[in-house]
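Coordinates in review
Each chain, letter by letter, is given below.
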Protein chains: 2
Amino acid sequence: MKNILVGQSGGPTAVINGSLYGVITEGFRLRDEKIGHVYGMINGIEGFLKGNFRDMDEEFTPETLELLKTTPGAYLGSCRYKLPEDMHDEVYAHLFESFDQLNIGYFFYIGGNDSMDTVSKLSRYAKMHDHPLRVIGVPKTIDNDLTLTDHTPGFGSAAKYVACTVREIAIDASIYNTKSVTIVEIMGRNAGWLTGASALARQFHSDNPVLIYLPEVNFNEEEFLKHLEKAFEKKRNLVVCVSEGIHDAHGKFLCEYGSDVGTDTFGHKMLAGCGKYLENLVRARLGVKVRSVELNVTQRACAAQISRTDLLEAVEAGSYAVISALNGHTGQMVSFRRISETPYKMICTLKNVNDICNKEKTVPAQWISCSHADVTQEFVNYVRPLIAGSIRIPEENGLSKFIYRKELQ
Amino acid sequence: MKNILVGQSGGPTAVINGSLYGVITEGFRLRDEKIGHVYGMINGIEGFLKGNFRDMDEEFTPETLELLKTTPGAYLGSCRYKLPEDMHDEVYAHLFESFDQLNIGYFFYIGGNDSMDTVSKLSRYAKMHDHPLRVIGVPKTIDNDLTLTDHTPGFGSAAKYVACTVREIAIDASIYNTKSVTIVEIMGRNAGWLTGASALARQFHSDNPVLIYLPEVNFNEEEFLKHLEKAFEKKRNLVVCVSEGIHDAHGKFLCEYGSDVGTDTFGHKMLAGCGKYLENLVRARLGVKVRSVELNVTQRACAAQISRTDLLEAVEAGSYAVISALNGHTGQMVSFRRISETPYKMICTLKNVNDICNKEKTVPAQWISCSHADVTQEFVNYVRPLIAGSIRIPEENGLSKFIYRKELQ
């Protein structure tokens, strides 16, 4: 009997451990019948290359495995490692040798765009060398930017966090009689899915956020100021949501107009500060009380706002990956298909990972309003079911009970 | 029978409406027997001066009153209005005339330092003029900086939010193998209670946050960098928590060293950016991956992290205020006394509001560690029971069910 190897890669989400839970429990369920061991890579493929992996049977008790499901962050640790483009690079031979030593028959990688690139390369290498390894990708990203899937696990909980938090910020802003603008900066470099989800914060006509700006369209400062002035005619306290990646018609990021711009360790432009930049702009031009709030990493790490729907789907994606591999599939990513709108119903399918990796799905133009400062009702209808339901996490000493890898303690 | 007038003032908390609920339900309970109407001021004393008030009986149904308890923000609206120091100012005569017109016998004001100043002045004016009005303050502030009370309603939920969020940020930071520093900036201009509460995020020895800086002690950049380097000997991903109000030995705020400093509408220095300043410092001096997170207004508005203990106490403070006024007390603030540590037990008492208003209670020196970069176990023991327990808020369309004043809709 072959063994399973599973890993996590890229940025974490509130439910990425839910997918890990799905892979492990499905593996355990089939153990001794169709599956031998379930191994976990520590820090993804990068850690595995250094010999860092663990037998999941020794890692968890039934109780800690249940806690894994609702612990945010990537339990196994993550990496941002890209396999070489050259399929003759010795790293591949080294990897497959390690797979054989551990008798790995099924490889699961939970991650986003870059991680699907790993799934694609490993499955292609296996095919090229007639190796029986089956490789399946399990999608994960708060950005919701993977193609060929209705949505991605992790997005629903992040969207719920954004909607809840923007709503609470709006309530906070509404208590004084003085005019004010609050700019909320939301994660999303090129895709505005998460920023658009702030529309779900609205509870009544003309509720905040009054303006929503996605990176899919060019941002125009003068039009923005005009929109604000118009909104002030009807409302005293305005909340505006912007993607971190909004840019002008020349493609220049708003935050680049500020001063604190750097480059992250991966050479990406560090996008922080468009909220602060707009705060200063509004203060200078409109002379009203203004502040900016950057939602930051809590968007992908908040357990209190896990969407029940998202968590269940994340678990299902993990277990479906195991079943698919056992059924002979490889080079595929688990994909979500929405088969009913009302009531919402989703099923898992498979899509060729080569058609997914290194691509980005942005918000379609017809879901962005003509004003370029809002999303349409169709967008809201699309996101609404994904944030449905909440979960209850056991509490200990006033905090949610999570689990930690031993070496981190 | 006399009527009740209740208002909210100052910044909101997640449970300030809990105290309003306490006043209203206690008033309703005694209605027709000892109490006539329960009126609510819209936007505090400032709104009331403009004739803006509401009969709470017409405002709520039994169902919406229950929702009020767990709705964040100040339902009645707030103000930052200070009554004149000159007790002969005509505003007082105007106010008491309005009180008499409405047959107000009991005045309750839910707020912090500045609000207790209003309670003090109104009760003194009544005494000076032999007016029978009884005035009681209900404490509220996430800052926990009111004197003569063990703690303040609102602090427990904000502390729980800080502890939970810092913990999730630490989990998020721990997933990569690369060295990193995360600076978390927490509310607290002069008092470090909320920043100190980040110590409760720790789950094991040497857990994050590794360093905690309060505004009660001077901050020294060189010592901070040395502490970081020492912490890196044991740990790869470091989380540091700082109060927004940390300052150097000359009393100069860290954020003033940055560039984005302004003054708020009340003439206070606008403290935002010490986290960003330290982020740049660490990057320049230690050359490691670093980011900063400002927790911002969500600290005082997050319903998902309401502490059950805090909510119950907030409600009790409101109802105790009503009972106290009916028992003949005036010029007092409801105060919490901790009568048992284990198990934690708290009772309500009264304290002279003149000894409380316009004063600030900071973290005592003996609760700050010798290194000036942490709080002591005594501090943790003090805060721990205040964050205990969570509540479940009914959900609608994927979001908590809150209520809004009609004119805001």
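All of these numbers come straight from a predicted model, not from anything done at the bench.

What follows deals with the packing of helix H5 (residues 90–101) of chain B against helix H6 (residues 113–128) of chain B. Residues and elements named next belong to chain B. The geometry of H5 relative to H6 is characterised by a closest axis approach of 11 Å and an angle of 80° between their N-to-C directions. Here H5 is positioned roughly perpendicular relative to H6, judged by the angle of their axes. Across from Tyr-92, Ala-93, Leu-95, Phe-96 and Phe-99 in H5, the residues of H6 making contact are Lys-121, Leu-122, Tyr-125 and Ala-126. Looking at the contact of H5 with H6 residue by residue, the classes come out as eight nonpolar, no polar and one charged.

Bringing the interface of chain B and chain A into the picture now. In this assembly, 69 residues from chain B lie in contact with 69 residues from chain A. Viewed at the interface, chain A and chain B are joined by four salt bridges. When the shortest N-O distance is used, the salt bridge between Lys-160 of chain B and Glu-395 of chain A registers 3.1 Å. Our enumeration of links across chain B and chain A arrives at 28 residue pairs in polar contact (both at pLDDT 80 or more). At the level of secondary structure, the elements contributing two or more residues to the side of chain B that touches chain A comprise helix H7 (155–173), helix H10 (274–286), strand E9 (289–294), helix H11 (298–301) and strand E13 (399–400) of chain B. When its residues are assigned to classes, the side of chain B that touches chain A shows 29 nonpolar, 22 polar and 18 charged.

All names here are of chain B. A large share of strand E5 (residues 134–139) lies buried, amounting to five of its six residues. Note on the crossover from strand E4 (residues 104–111) through H6 to E5: the handedness is right-handed. For E5 and strand E10 (residues 332–340), the ladder comprises two bridges, and the chain directions are parallel. Looking at E10, one finds that Gly-137 is bridged to Met-333.

Within a beta sheet, neighbouring strands are joined by backbone hydrogen bonds and run either parallel or antiparallel to one another. Residue and element names in this part refer to chain A. Here four strands make up an open sheet; going across it, the order is E7-E8-E6-E9 and the pairing parallel. Across the chains shown, the open sheet's two edge strands, defined by having one partner strand only, are strand E7 (211–213) and strand E9 (289–294). Strand-to-strand twist in this sheet, taken as the mean axis angle between neighbours without regard to direction, amounts to 15°. With six bridges connecting them, strand E6 (residues 180–186) and E9 associate as parallel partners.

Let's shift gears to the sheet that holds E4 of chain B. Residues and elements named next belong to chain B. An order of E3-E2-E1-E4-E5-E10-E11 is seen for the seven strands of this open sheet, with the pairing classed as mixed. The sheet is open, and its two edges are formed by strand E3 (53–55) and strand E11 (345–352), each paired on a single side. Averaged over neighbouring strand pairs, the angle between their axes works out to 30° when direction is ignored. Relative to E11, E10 runs antiparallel, the two sharing eight bridges. From the neighbouring strand, Ser-340 faces E11, where its bridge partner is Lys-345. Lying on the sheet, helix H1 (residues 16–29) is in contact with strand E1 (3–8), strand E2 (38–41), E4 and E5; it crosses E1 at an angle near 175°.

Calculation criteria
- Residues numbered from 1 in each chain as written.
- Chains lettered and ligands numbered in written order.
- Predicted model: local features only at pLDDT ≥ 70, side-chain atom pairs only at ≥ 80, totals over all residues.
- Heavy atoms only, no water.
- Axes fitted to C-alpha atoms, helices over the stretch in contact; angles between N-to-C directions.
- Helix = DSSP H or I, 4+ residues; strand = E, 2+ residues; numbered from the N terminus.
- Parallel < 35°, antiparallel > 145°, perpendicular 65-115°, else oblique.
- Contact = heavy atoms within 4.5 Å.
- Nonpolar A, V, L, I, M, F, W, Y, C, P; charged D, E, K, R; others polar.
- Salt bridge = Lys/Arg side-chain N within 4 Å of Asp/Glu carboxyl O.
- Polar contact = N/O pair within 3.5 Å; in protein donor to acceptor, adjacent residues only side chain to side chain.
- Buried < 20%, exposed > 50% of the residue type's maximum accessible area, 1.4 Å probe, protein only.
- Right-handed = clockwise from strand over helix to strand, strands pointing away.
- Pairing = 2+ DSSP bridges.

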